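This is what each chain is made of:
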Amino acid sequence: MDYAGASRTLRAVRRLLAVTGLVALLALAFATVAAQAQLQAPPEVPGQTFDAPHPTGGDAPWDHDWGGDDGPGWPGDSGGTRPQPQPQPQPQPQPPVQYPDDDPAGDIPDDGWDIPVEAELPPVTSTYVAGTVARMRTDGRAAIPRGAPKRVRSLLAQYNRIVGKRYKWGGGHAKLVDNGYDCSGAVGYGLIKGGLLSTTMVSGSFARWAAAGAGRWVTVYAQKTHVYAEIAGLRLDTSPAGDRSGLSGVRWRPLIGQRRGFKIRHPVGL
């Protein structure tokens, strides 16, 4: 028996087995690495945009330069869709201050009610008139009655300053001296200037203001959408209701008394 030949054959078989085992171990290692990479990579979806997770696992945006060719090597990445910059929200203009108790149109519907209108006296040109009743002047202002109390005369003079101003929703609230007035802003102007009111109010608040009932010299008619005042025989109002002129804005108008749904109030003592 050739023991030398058998020994050489055995050594050759052992070397072959060693090489084969090494190859198998290398193949197993590559397969393990490939499997782990497959688990970590995001799945490929047709048309998918790359919304990359933050490298640290947080929620903050990933500050990465997507503009060059050295972007992250996504599996199957052959020029796929890059994240597009999202438009930044633009600041919206703030809505103007609203006064919900004032009617934006400057008037309220009359529901078919016939408003009583007193006969108008001819307008005068003088600043003062005799007696206790104010008169309309030709320029639209009030002629002040000499027989009225000093506080009433002062109140008429203050309102004369804003007569002819346009109707402006919210006017007279943000600032007392304004280029236009709404109903409550106009009524509040004279009362504040005359020391009868400390701050502006909306029309609904006038319905609970001061004392209930009609005053001898000054009466305020108010509800949640409108307010007007009658002072010494004239009515200060932004609404043309009962006024044959039909003009809008702050004006002296004929008396109409209490309208439907209005509360009657007056400053104490007047």
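Everything numeric here is computed off the predicted structure, so don't read it as measured data.

**Structural notes on the packing of aromatic side chains**
Inspection of every chain in the model, using the stated rule, returns five aromatic pairs. Look at Tyr221 and Tyr228: their rings are 5.1 Å apart centre to centre, the planes differ by 20°, and that puts the pair in the stacked class. As far as burial versus exposure is concerned, Tyr221 and Tyr228 are alike and both buried. Following the ring pairs from residue to residue traces out a cluster consisting of Tyr221, Tyr228 and Phe262. A cation over an aromatic ring shows up here: Arg235 above the ring of Tyr228, its NZ or CZ 5.8 Å from the ring centre.

**Let's talk about the sheet that holds strand E11 (residues 263-266)**
Spatial strand order, E6-E11-E7-E8-E9-E10: six strands in an open sheet with antiparallel pairing. The outermost strands of the open sheet, each flanked by one partner alone, are strand E6 (211-212) and strand E10 (251-253). Of the pairings in the sheet, the one linking strand E7 (residues 218-223) to E11 comprises three bridges and is antiparallel in character. Note that in E11 the partner of Ala222 across the bridge is Lys263. On top of the sheet, helix H2 (residues 150-160) reaches E7, strand E8 (226-231), strand E9 (234-237) and E10; it is set at about 130° to E8, its chief contact.

**A look at the pattern of salt bridges**
Under the definition given, this model contains five salt bridges. The closest approach of N and O atoms between Lys168 and Asp178, which form a salt bridge, is 3.1 Å. Pair noted here: Lys168 is in the loop between strand E4 (166-167) and strand E5 (180-181) and Asp178 is in the loop between E4 and E5, with a separation of ten residues, a long-range link. Its salt-bridge partner being Arg235, residue Asp237 comes within 3.0 Å of it at the nearest N-O pair. Residue classification places Asp237 among the buried positions, given a relative accessible area of 2%.

**A few points about the packing of H2 against helix H3 (residues 183-193)**
At their nearest, the axes of H2 and H3 sit 9 Å apart, and the two run at 135° to each other. The angle between H2 and H3 places the two elements in the oblique class. As H2 runs across H3, the sense of the crossing is right-handed. For the pair H2 and H3, the contacting residues are Leu155, Gln158 and Tyr159 in the first and Ala186, Val187, Tyr189, Gly190, Leu191 and Lys193 in the second.

**Some points on the side chain of Arg235**
Tracing the chain through its elements places Arg235 in strand E9. Classification of Arg235 as buried rests on a relative accessible area of 0%. Side-chain polar atoms of Arg235 contact the backbone oxygen of Ser239, separated by 3.1 Å. From its side chain, Arg235 meets the backbone oxygen of Ala241 in a polar contact 2.5 Å long. The contact partners of Arg235, leaving out residues within four places of it in the chain, are Tyr228, Ala229, Glu230, Pro240, Ala241, Arg251, Trp252, Arg253, Pro254, Leu255 and Ile256.

**Thoughts on the pairing of strand E3 (residues 142-145)**
Residues Ala142 and Ile144 line one face of E3 and the alternating positions Ala143 and Pro145 line the opposite face, and both faces are buried. As judged from the two bridges shared by strand E1 (residues 128-129) and E3, these two strands associate in the parallel manner. Bridging from a neighbouring strand, Val129 pairs with Pro145 of E3. Note that strand E2 (residues 135-136) and E3 share two bridges and pair antiparallel. Of the residues in E3, the one forming a bridge with Arg135 is Ala143. Count of turn residues in the E2/E3 antiparallel hairpin: five residues, of which Gly140 carries a positive phi of about 95°.

**Some thoughts on the sheet that holds E2**
The mixed open sheet is built from three strands, whose spatial order is E1-E3-E2. In this open sheet, the two edge strands, each paired with only one partner strand, are E1 and E2.

**Here's the deal with the nonpolar core**
Counting 36 residues, the largest nonpolar core has Val152, Leu156, Tyr159, Leu191, Phe206, Ile231 and Trp252 as its most contacted members. Of all elements in the fold, only E3, H2, H3, E7, E8 and E9 reach the threshold of two or more residues within this core. Ranked by residue count, the leading element in this core is H3, at six residues. With residues near it in sequence (within four places) discarded, Trp252 still touches Met136, Gly140, Arg141, Ala142, Leu156, Tyr159, Asn160, Val163, Ile231, Leu234, Arg235 and Leu236.

Thresholds, definitions, all that
- Here the residue numbering is sequential within each chain, running from 1 through the sequence in written order.
- Only residues with pLDDT of at least 70 get local features here, since the model is predicted, and only at 80 or more are side-chain atom pairs given and counted; chain-wide, interface and lining totals rely on the full set of residues.
- Just so you know, side-chain values use all the structure's heavy atoms and leave hydrogens and water out.
- For this analysis, a ring pair means two rings from Phe, Tyr or Trp (six-membered ring only for Trp) whose centres lie within 6.5 Å, classed as stacked if their planes differ by under 30 degrees, edge-to-face if by over 60, and tilted for the remaining angles.
- Burial classification: accessible surface area is computed with a 1.4 Å probe over protein chains only, and a residue below 20% of its type maximum counts as buried, one above 50% as exposed, and the rest as partly exposed.
- Only lysine NZ and arginine CZ atoms are considered, and such an atom sits over a ring when it is within 6 Å of the ring centre and within 35 degrees of the ring normal.
- Any two strands between which DSSP finds at least two bridges are classified as paired.
- Segments assigned H or I by DSSP are reported as helices when at least four residues long, segments assigned E as strands when at least two residues long, and all are numbered from the N terminus.
- Only heavy atoms enter the contact rule, under which two residues are in contact if any of them lie within 4.5 Å.
- Angles here are taken between N-to-C directions and fall from 0 to 180 degrees, while the axes themselves are lines fitted to C-alpha atoms, restricted in helices to the stretch in contact.
- The working definition used for a salt bridge is a side-chain nitrogen of Lys or Arg within 4 Å of a carboxyl oxygen of Asp or Glu.
- By definition in this entry, angles of less than 35 degrees are roughly parallel, angles greater than 145 are roughly antiparallel, angles of 65 to 115 are roughly perpendicular, and the rest are oblique.
- Crossing handedness follows the turn of the near helix against the far one: under a right angle anticlockwise gives a left-handed crossing, and clockwise gives a right-handed one.
- Pairs of N or O atoms are called polar contacts if they sit within 3.5 Å, as long as, within protein, a hydrogen donor faces a hydrogen acceptor (for residues adjacent in sequence, only side-chain-to-side-chain pairs).
- Here, nonpolar core means buried Ala, Val, Leu, Ile, Met, Phe, Trp, Tyr and Cys residues that are tied together by side-chain atoms lying within 4.5 Å of each other.

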